[in-house]
Amino acid sequence: MPDEPGPAEASTAAALDIRSLRKEFGTAVALDGISLRVPNGSIFGFLGPNGAGKTTTIRIVTGLAHATAGTVRVLGATWHTIGRRSRARSASSPTCRASTTG
């Protein structure tokens, strides 16, 4: 596809590029126009209070949920344009829960 990066462009693309991301659940707006860019090779923390939309954003980024509007690119590609094999290689668990005893 002409709008997808080739091998050279993918290596210089942002690790994550989110533009005007919006997610609605019926009349409730979970995400309202989130935009952020994580440069390739950087470490990024995604923090916020409960209910801020962190898990919803990560579910959209990983392809587990669909956005109402906006775009998400991972290394220059969208979930719609990369193959099933590539999606399987990037498998993630959007929520991890730790249990401590003691």
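Further up the page is the structure itself.
About the criteria used
Residues numbered from 1 in each chain as written. Predicted model: local features only at pLDDT ≥ 70, side-chain atom pairs only at ≥ 80, totals over all residues. Heavy atoms only, no water. Helix = DSSP H or I, 4+ residues; strand = E, 2+ residues; numbered from the N terminus. Buried < 20%, exposed > 50% of the residue type's maximum accessible area, 1.4 Å probe, protein only. Contact = heavy atoms within 4.5 Å. Salt bridge = Lys/Arg side-chain N within 4 Å of Asp/Glu carboxyl O.

(A) Representation of the side chain of Thr-57 within the structure. Within the element layout of this structure, Thr-57 appears in helix α2 (residues 54-61). Residue Thr-57 is classed as buried on the basis of its relative accessible area, which comes to 2%. The contacts of Thr-57, once residues within four sequence positions are left out, are Ile-18, Leu-21, Leu-31, Ile-34 and Phe-46.

(B) View of the pattern of salt bridges. In total, this model carries 3 salt bridges according to the counting rule given. Asp-17 serves as the salt-bridge partner of Arg-19, at 3.0 Å between the closest nitrogen and oxygen. Residue class for Arg-19 comes out partly exposed when judged on its relative accessible area of 47%. In this structure, Arg-22 and Asp-32 form a salt bridge, with 2.5 Å as the shortest nitrogen-oxygen distance. Taken together, the residues span a long stretch of sequence, with Arg-22 in strand β1 (residues 16-25) and Asp-32 in strand β2 (residues 28-38) at a distance of 10 residues. For Arg-22, a relative accessible area of 23% gives the class partly exposed. Residues participating in the shared-partner salt-bridge network are Arg-22, Glu-24 and Asp-32.

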